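Here is what each chain is made of, one letter per residue.
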Amino acid sequence: MATPPGARGTARTATTHPRPATGARRRVLTGARVVLPTGTVPDGRVTIDGTRIAPNAPHAAPRGAATELDVTGHWLVPGFVDLHNHGGGGASFSGTAEEVRKAIHTHRLHGTTTLVASTVTDDMDVLVRQAGLLSELAEQGDLAGIHFEGPFISPCRKGAHSEALLRHPDPADVRKLIDAARGQARMVTLATELPGGLDSVRLLAEHGVIAAVGHTDATYEQTVQAIEAGATVATHLFNAMPPLGHRAPGPIAALLEDERVTVELINDGTHLHPAALELAFRHAGPGRVAFITDAMDAAGIGDGRYLLGPLEVEVSEGVARLVEGGSIAGSTLTQDRAFQRAVTIDRLAVEDVVAALSANPARLLGIDDRVGSLEPGKDADLVLLDENFELKGVMRKGDWVIDPQLA
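Notes on the structure in this doc start here.

Basis of the calculations
Residues numbered from 1 in each chain as written. Predicted model: local features only at pLDDT ≥ 70, side-chain atom pairs only at ≥ 80, totals over all residues. Heavy atoms only, no water. Helix = DSSP H or I, 4+ residues; strand = E, 2+ residues; numbered from the N terminus. Rg over C-alpha atoms; globule rule 2.2 N^0.38 Å. Buried < 20%, exposed > 50% of the residue type's maximum accessible area, 1.4 Å probe, protein only. Core = buried A, V, L, I, M, F, W, Y, C linked by side-chain atoms within 4.5 Å. Contact = heavy atoms within 4.5 Å. Pairing = 2+ DSSP bridges. Axes fitted to C-alpha atoms, helices over the stretch in contact; angles between N-to-C directions. Lys, Arg positive; Asp, Glu negative; His and termini not counted. Salt bridge = Lys/Arg side-chain N within 4 Å of Asp/Glu carboxyl O. Polar contact = N/O pair within 3.5 Å; in protein donor to acceptor, adjacent residues only side chain to side chain. Phe/Tyr/Trp six-rings, centres within 6.5 Å; stacked < 30°, edge-to-face > 60°. Right-handed = clockwise from strand over helix to strand, strands pointing away.

Brief notes about the overall build of the protein chain
Phase 1: In terms of helices and strands, the protein chain carries nine helices and 21 strands.
Phase 2: Taken over C-alpha atoms, the radius of gyration comes to 21 Å for the protein chain, in line with the 22 Å a tight globule of 407 residues would show.
Phase 3: Principal axes of the C-alpha set define a box for the protein chain whose edges measure 65 × 45 × 40 Å.
Phase 4: Counting every position in the protein chain, which comprises 407 residues, the buried fraction comes to 56%.

Some details on the nonpolar core
Phase 1: One finds L143, L237, L265, F291 and F339 to be the most contacted residues of the largest nonpolar core, which totals 74 residues.
Phase 2: Among the elements that make up this core, the one with the highest residue count is helix α2 (residues 124-139) (six residues).
Phase 3: Beyond its immediate chain neighbours, meaning those up to four positions away, F339 contacts V77, F80, V350, V353, V354, L357, L385 and F389.
Phase 4: Core analysis: the next-biggest nonpolar cluster, separate from the first, contains 17 residues, A212, A290, A362 and L365 among them.

Here we look at the environment of G196
Phase 1: Relative to the helices and strands, G196 resides in the loop between β11 (185-190) and α4 (197-206).
Phase 2: On the basis of relative accessible area, G196 is assigned to the partly exposed category, the value being 25%.
Phase 3: If we ignore the near neighbours within four places in the chain, the residues touching G196 are P169 and P171.

A short note on the sheet that holds strand β9 (residues 112-119)
Phase 1: Ordered in space as β6-β9-β10-β11-β12-β13-β14-β15, the eight strands form an open sheet in which the pairing is parallel. The open sheet is flanked by β6 (80-85) and β15 (289-292), the only strands paired with a single partner.
Phase 2: Where β11 and strand β12 (residues 210-213) come together, four bridges link them in parallel fashion. Considered in β12, the bridge of T189 is made with A212.
Phase 3: The sheet strands contacting α2 are β9 and β10 (146-149), and the helix crosses β10 at an angle near 160 degrees.

Observations regarding the side chain of E149
Phase 1: Relative to the helices and strands, E149 resides in strand β10.
Phase 2: It turns out E149 is buried and unbridged, and the closest side chain with the opposite charge, R157, is 13 Å from it.
Phase 3: Separated by 3.0 Å, the side chains of E149 and H84 make a polar contact.
Phase 4: Polar contacts involving the side chain of E149 include one to the side chain of H215, which spans 2.9 Å.
Phase 5: With residues up to four places along the chain from it excluded, the contact list for E149 reads H84, H86, T119, V120, T121, H161, T189, H215, T235, H236 and D294.

Details of the side chain of T235
Phase 1: Summarising the element assignment, T235 is placed in the loop between β13 (233-234) and α6 (250-257).
Phase 2: Setting aside its immediate chain neighbours within four residues, T235 contacts H84, E149, T189, A212, V213, G214, M241 and E264.

Focus: the packing of aromatic side chains
Phase 1: Applying the stated rule across the entire model yields four aromatic pairs.
Phase 2: Between the aromatic rings of F281 and F291, the centroid separation amounts to 5.9 Å while the plane-to-plane angle is 45 degrees, which identifies the pairing as tilted. Here F291 lies in strand β15 and F281 lies in helix α7 (residues 274-284), a separation of ten residues in the sequence.
Phase 3: An aromatic cluster of three or more residues is present, and its members are W75, F80, F339 and F389.

Quick look at the pairing of β12
Phase 1: Judged by which residues are buried, β12 turns out to be covered on both faces: I210 and A212 on one side and A211 and V213 on the other are all buried.
Phase 2: One crossover worth recording links β11 to the parallel β12 by way of α4, and it is right-handed.
Phase 3: With helix α5 (residues 220-229) bridging β12 and its parallel neighbour β13, the resulting β-α-β unit is right-handed.

Structural data, given as structure tokens:
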């Protein structure tokens, strides 16, 4: 794609829809290629009753029982689920409630109907306060929870995190963040080789919080120990960790080979060479990959100067780098562009991409009974794409965030 992922393009605005009468809330989308867990159905139908997907009624159902929309020539896929996202639309998940909502809305306009808010390294007191704010929004249903990326990471692989604020993963500090999140902590990224790392992994597992290996300088053997202790996610595999070596395979080999581990991949064309993405996808298999954005404030906006936590970032041609040092600082990616790139450039099967963007992260978060696939009883979260995989509509819980653009 000529346009940097998520960096530019026609600005999208939300549409407001008056709530129709109860009888009119039953809608049927017809004619699309519908991607289901069992495969793609050509000329499919998706029935929506209120906020949920309903079983398809017989074609001979009485007229007036539902409103129909013909979306022939399009794809219907589940709403995207993003496990790892720092912000967008010029706003950050480290900001105020208003800024957090702005970032959430920006990503909804790009098809992400379920989102986990990621923090960046800061003082513990700051992270505790932010956890309280984010947990309120999660309790209201705006977020699917909180991901703490830092401060328990390696200074050797700090990426766009402030080295002065890093600390060892003392289980007492980890517990402090879990408690501050009031049941909304979903994931903590750790350099598990640091003092306290394995004990913190065990603590997280005991509390039902995902322990993710990332920003790590661990050896292969140390990573195996972390997985045995309960780590189940690789934070943006390949990035912020030692490269794969033939004598010192490092964390990448350990994370790829273990079937208990889900690997995050940032598919923006900057973080990963296509060959590295293909290697991970083939080795882990489509059931163990979760596409993430790792987005920062510039996602959905464009080039300029931004802050990522306390650090200044320059975004140029859609690529975010620290002003001081030049390290890649998150991305400007949105999940609709990740989808399009995966299908059109990486040549992955549409069904596998849907799994990586929706079903796998939903299952990992334990919310696959509600989101992640187009099945009866689940939330009516869906994305409409044209034949070129350009986004043409977004629905969340039965309401159009972006009206279908069928012209």
